[in-house]
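Here's the letter readout for the chains.
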Amino acid sequence: LGFWDPAGYCKEDTAVDFRRRRESELKHGRIAMIATMGYITPEYFKFPGFLAPHLGLKFTDVPNGLAAVSKVPQAGWAQYVFFVGLLEVGFLKQEPDRAPGDFANGGTLGVPNASGPIENEEARKRKLNSELANGRLAMMAIIGMFFQDGLTGSAWGDWALFTGSPLR
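About the thresholds
- Residues numbered from 1 in each chain as written.
- Predicted model: local features only at pLDDT ≥ 70, side-chain atom pairs only at ≥ 80, totals over all residues.
- Heavy atoms only, no water.
- Helix = DSSP H or I, 4+ residues; strand = E, 2+ residues; numbered from the N terminus.
- Contact = heavy atoms within 4.5 Å.
- Areas by Shrake-Rupley, 256 points an atom, 1.4 Å probe, with all protein chains shown as cover.
- Phe/Tyr/Trp six-rings, centres within 6.5 Å; stacked < 30°, edge-to-face > 60°.
- Buried < 20%, exposed > 50% of the residue type's maximum accessible area, 1.4 Å probe, protein only.
- Salt bridge = Lys/Arg side-chain N within 4 Å of Asp/Glu carboxyl O.
- Axes fitted to C-alpha atoms, helices over the stretch in contact; angles between N-to-C directions.
- Parallel < 35°, antiparallel > 145°, perpendicular 65-115°, else oblique.
- Left-handed = near helix turned anticlockwise from the far one by under 90°.

1. Re the overall build of the chain
And step 1. A tally of regular secondary structure across the chain gives four helices and two strands.
And step 2. When the helices and strands of the chain are listed from N to C terminus, the series reads α-β-β-α-α-α.
And step 3. Considering only contacts within the chain whose residues lie at least 6 apart along the sequence, 42% involve residues at least 24 apart.
And step 4. Entry remark: accessible area of the chain is about 11,900 Å², with carbon and sulfur atoms responsible for 64%.

2. Some points on the packing of aromatic side chains
And step 1. Scanning the entire structure with this criterion turns up four aromatic pairs.
And step 2. On the basis of an interplanar angle of 70° and a centroid distance of 5.6 Å, the ring pair of Y39 and F146 is categorised as edge-to-face. Here F146 lies in helix α4 (residues 121-152) and Y39 lies in helix α1 (residues 15-40), a separation of 107 residues in the sequence.
And step 3. By relative accessible area, which is 8% here, Y39 ends up buried.
And step 4. Judged by its relative accessible area of 33%, F146 falls in the partly exposed class.
And step 5. On the numbers, 5.3 Å between centres and 80° between planes, the contact of F45 with F47 is edge-to-face.

3. Focus on the pattern of salt bridges
And step 1. In the structure shown here, the tally under the stated rule is five salt bridges.
And step 2. In this structure, K27 engages E88 in a salt bridge whose closest nitrogen and oxygen atoms are separated by 2.3 Å. In this pair, K27 sits in helix α1 while E88 sits in helix α3 (residues 74-91), placing the two residues 61 residues apart along the sequence.
And step 3. Residue classification places K27 among the partly exposed residues on the basis of a relative accessible area of 33%.
And step 4. On the accessibility criterion, E88 (38% relative accessible area) is partly exposed.
And step 5. E131 serves as the salt-bridge partner of R30, at 2.5 Å between the closest nitrogen and oxygen. In this pair, R30 is assigned in helix α1 and E131 in helix α4, connecting sequence segments 101 residues apart.
And step 6. Residue E131 is classed as buried on the basis of its relative accessible area of 11%.
And step 7. Within this structure, R22, E25 and R136 form a network of salt bridges that share partners.

4. Observations regarding the packing of α1 against α4
And step 1. Two numbers describe how α1 lies on α4: the axes approach to 7 Å, and their chain directions differ by 55°. Classed by the angle they form, the pair α1 and α4 counts as oblique. Crossing handedness for the pair α1 and α4: left-handed.

5. Quick word on the environment of A141
And step 1. Within the secondary structure, A141 is located in helix α4.
And step 2. On the basis of relative accessible area, A141 is assigned to the partly exposed category, the value being 28%.
And step 3. When the C-alpha atoms of A141 and T36 are compared, they prove to be 7.0 Å apart, with 105 residues separating the residues in sequence.

Here's what the structure looks like:
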């Protein structure tokens, strides 16, 4: 198939298997890029007003990082899952005759921004390779942020709070 596989994980796979993996890699990379921005943005900006008016919960009351998971009401998580599910099964459905990550309803590189597909094949290939590289970096970044937050209890890892270190 023309890709680098030094460990031989894919030596018996078909082009269909590779395509499915590429679709998954693009999707996970896009999710990781959004998650990384979602982890960083609340450090600098939070919406004014209420997240859950009936509970008196303001956006500013929600902590950053993993601690936010327990503060957002279950109805909020249900809305989020429902919305993403609608996008997944409807608006951004992968079609077999289109390249992985290229959605008919999407714009540049599948992002729904009404810009349409990239016509210049060389520019499209360069941007797709950039998206793959940035997605791979974002996947590593968000996992690193999760581990740091889990170990220190802080979204930006105040290592003074991590008393369980074997290096102390």
